[in-house]
Amino acid sequence: MAETLLRANGLTSGYGKVQVLWGVDLDVATQQTVVLLGPNGAGKTTLLKVLLGLMPAWQGQVRLGAEDITRLRTDHRVRRGVAYMSELGVFAGLTIEENIRIGGQFASPAALRVRMAELYSVFPDLAERKRTLAGSLSGGQRKMLGIAKALASAPRLLVMDEPSAGLSPLFVDQVIAVLRRFRTDAGSAGATGGLSLLIAEQNVAFLDLADLVFTLEGGRIGFRGTVEALHADDALRRAYFGLGSET
């Protein structure tokens, strides 16, 4: 069995007096892709922010490998190999190259030069426009830059919040194809032992990447299992695919 890379146990959190997460358990193994599926308002972004240290956990624990990182600062989590791509993903007022350099800010200058060359070889459109402001890019190009920026640190785990947001189905397919390439090519990923992905989404197209699926509703995990098991559950199939029982 693959070693558990990230594990959350009994997480609760929220905003002010409003509780959003209620005892959430979640795990991601090494070289595994986990899709966290849920509608808007389910608590997906809040959960990711707690995992990254951008919001405090009220109760519960977050572990990265054998280490308890529940109270660890975000930058220390990044140094340990966790990268985060938010819905926005990039800094619009900075150039493509500046965005990627920010993503790799904790790498040595030599390692970052090598890493940027690797990323530009995967994203030639970005290489051709490296001095272009990110704000001038199309939505799909910004997503690709966001992925490159997040991968600049050569993370062990890439955490993504709604990578399909604002994209046409064509660009969604392209994002999925790029993620599949990095997931299956440890050399391109630059992550020792291969890249793990935790993707929070409401777009079921990302299930094509999933080894494991969690559903989050009302701040609580409702399902943990394979894509096949999700399809086999009539209630879940109706909720997420709009399909009833097969006849």
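Note that this is a predicted model, so its numbers are computed, not measured. (Residues numbered from 1 in each chain as written. Predicted model: local features only at pLDDT ≥ 70, side-chain atom pairs only at ≥ 80, totals over all residues. Heavy atoms only, no water.)

Some thoughts on the pairing of strand S3 (residues 33–37)
In terms of burial, S3 is largely enclosed, as five of its five residues are buried. Summarising the sheet, S3 and strand S9 (residues 212–217) pair through four bridges and their orientation is parallel. In the strand pairing of S9, Leu36 is matched with Phe214. (Buried < 20%, exposed > 50% of the residue type's maximum accessible area, 1.4 Å probe, protein only. Helix = DSSP H or I, 4+ residues; strand = E, 2+ residues; numbered from the N terminus. Pairing = 2+ DSSP bridges.)

Observations regarding the packing of aromatic side chains
For the coordinates displayed, the defined rule picks out one aromatic pair. Centroid distance Phe123 to Phe182: 6.1 Å. Interplanar angle 20°. Geometry classified as stacked. Of this pair, Phe123 sits in the loop between helix H4 (109–122) and helix H5 (124–128) while Phe182 sits in helix H7 (residues 169–184); the two residues are 59 residues apart in sequence, bridging distant segments of the chain. (Phe/Tyr/Trp six-rings, centres within 6.5 Å; stacked < 30°, edge-to-face > 60°.)

Quick word on the sheet that holds strand S6 (residues 82–85)
Read across the sheet, six strands follow the order S6-S7-S8-S3-S9-S10 without closing on themselves; strand pairing throughout is mixed. With one partner strand each, in any of the chains shown, S6 and strand S10 (220–225) form the two edges of the open sheet. Each strand axis lies, on average, 15° off the axis of its neighbour in the sheet, ignoring direction. (Axes fitted to C-alpha atoms, helices over the stretch in contact; angles between N-to-C directions.)

Notes on the sheet that holds strand S5 (residues 67–68)
Read from one edge to the other, the open sheet built from four strands follows the order S2-S1-S4-S5, with strand pairing classed as antiparallel. This sheet does not close on itself; its edge strands, each paired only once, are strand S2 (18–29) and S5. The strands that helix H1 (residues 44–52) touches are strand S1 (4–15), S2 and strand S4 (59–64); relative to S1, the one it contacts most, it runs at about 120°. (Contact = heavy atoms within 4.5 Å.)

A short note on empty space enclosed by the protein
Under the counting rule described, the total for this entry stands at one cavity of 30 Å³ or more. As a volume, the largest cavity reaches approximately 40 Å³. Lining the largest cavity, in full, are Leu6, Leu51, Leu52, Ile69, Arg77, Val82, Leu157 and Val159. Listed by contribution, the elements that provide at least two residues to the lining of the largest cavity are H1 and strand S7 (157–161). (1 Å grid on protein atoms, 1.4 Å probe; cavity = no way out; pocket = protein on both sides within 12 Å on 5 of 7 lines; lining within 4 Å. Points joined across faces, edges and corners; volume = space filled by probe spheres on them.)

Some thoughts on unusual backbone geometry
In this structure, Gln31 is a non-glycine residue whose phi angle is positive, near 60°. The topology assignment puts Gln31 in the loop between S2 and S3. In this structure, Ala154 is a non-glycine residue whose phi angle is positive, near 50°. Mapped onto the secondary structure, Ala154 falls in the loop between helix H6 (139–151) and S7.

Overview of the confidence of the model for the chain
Low-confidence regions, as indicated by low pLDDT, have predicted coordinates that should not be scrutinised in detail. Looking at the chain as a whole, the pLDDT averages 93, with 94% of positions reaching at least 70. Below pLDDT 50 for its whole length, residues 186–192 participates in 14 contacts with residues either more than four positions away or in separate chains. (pLDDT = per-residue confidence, 0-100.)

Observations concerning the layout of surface pockets
A volume near 420 Å³ is recorded for the largest pocket. Forming the walls of the largest pocket are 21 residues, and the residues nearest its centre are Val78, Tyr84, Ile102, Gln105 and Lys149. In terms of residue count, S6 provides more of the lining of the largest pocket than any other element does, four residues in total. Residues of the lining of the largest pocket, tallied by class, amount to 13 nonpolar, six polar and two charged. (Nonpolar A, V, L, I, M, F, W, Y, C, P; charged D, E, K, R; others polar.)

Details of helix H10 (residues 234–241)
Of all the positions in H10, only Leu236, Arg237 and Tyr240 are classed as buried. The buried residues of H10 occupy an angular sector of 100° when the element is viewed end-on, so they sit on one face. In H10, the exposed positions angled more than 90 degrees off the buried face are occupied by Ala235 and Ala239. Buried residues along H10 sit in contact with S3, S9, S10 and helix H9 (227–232). Of the residues that open H10, the one with a side-chain oxygen 3.1 Å from the backbone nitrogen of Ala235 is Asp233. A positive phi of about 70° marks Gly242, the residue just after H10. (Arc of directions from axis to C-beta. Polar contact = N/O pair within 3.5 Å; in protein donor to acceptor, adjacent residues only side chain to side chain.)

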